[in-house]
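# Residue-level structural notes
What follows is the residue order along each chain.
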Amino acid sequence: ENPPSSWNSEQCVRSIRNIRASSIIYDTNGRSSDSVGASVSGFCIFMNPNGKEIFSGGVTPERGHRGRTKGIEVIEETLNGDKQTRTVRTSSFGCKIQ
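Residues numbered from 1 in each chain as written. Predicted model: local features only at pLDDT ≥ 70, side-chain atom pairs only at ≥ 80, totals over all residues. Heavy atoms only, no water.

Summing up its helical and strand segments, the chain has three helices and three strands in all. Each helix and strand of the chain, ordered N terminal to C terminal, gives the series α-α-β-β-α-β. When each of the 98 residues of the chain is scored for burial, the buried share is 20%. For the chain, the share of sequence-separated contacts (at least 6 apart) that also reach a separation of at least 24 residues comes to 50%. Put simply, the chain shows about 7,300 Å² of open surface, and 48% of that area lies on carbon and sulfur atoms. (Helix = DSSP H or I, 4+ residues; strand = E, 2+ residues; numbered from the N terminus. Buried < 20%, exposed > 50% of the residue type's maximum accessible area, 1.4 Å probe, protein only. Contact = heavy atoms within 4.5 Å. Areas by Shrake-Rupley, 256 points an atom, 1.4 Å probe, with all protein chains shown as cover.)

And the structure:
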């Protein structure tokens, strides 16, 4: 199902498209978010090329704020070639997914 056109205009989406080997999945019917337990808009999952979950949770220190977080560190380390051996999980912040 195609997402509303407004979803593609967000700066965040444009930024993600600039990350090598990334993909965006539009979960317009909520099935994907339900299957991974995502309950807020700030939840994200990062997987390695083999499909192993490396990180799940939020990538901001609190709702609506920027800053360094463990999630960002794990994602950057993995993109730079570090082999993560465990999944890191953090709290996520955002609007409740309905």
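A complete count under the given rule lists one salt bridge for this structure. One salt bridge connects Glu53 with Arg89, and the closest N-O pair in it is separated by 3.3 Å. Here Glu53, found in strand 2 (residues 53-58), pairs with Arg89, found in strand 3 (residues 88-89); they are 36 residues apart in sequence, far enough to count as distant. (Salt bridge = Lys/Arg side-chain N within 4 Å of Asp/Glu carboxyl O.)

Before going further, it helps to examine the pairing of strand 2. Within strand 2, five of the six residues are buried, leaving the element largely enclosed by the surrounding structure. Sheet topology places strand 1 (residues 43-47) next to strand 2; five bridges connect them, and they run antiparallel. Paired with Cys44 across the strands is Gly57, a residue of strand 2. Counted along the chain from strand 1 to the antiparallel partner strand 2, the turn is five residues long, and its residue Gly51 has a positive phi close to 90°. Pairing of strand 2 with strand 3 involves two bridges; the strand directions are parallel. Within strand 3, the residue paired with Phe55 across the bridge is Val88. (Pairing = 2+ DSSP bridges.)

Position of Val40 among the secondary structure elements: in the loop between helix 2 (31-36) and strand 1. Judged by its relative accessible area of 15%, Val40 is buried.

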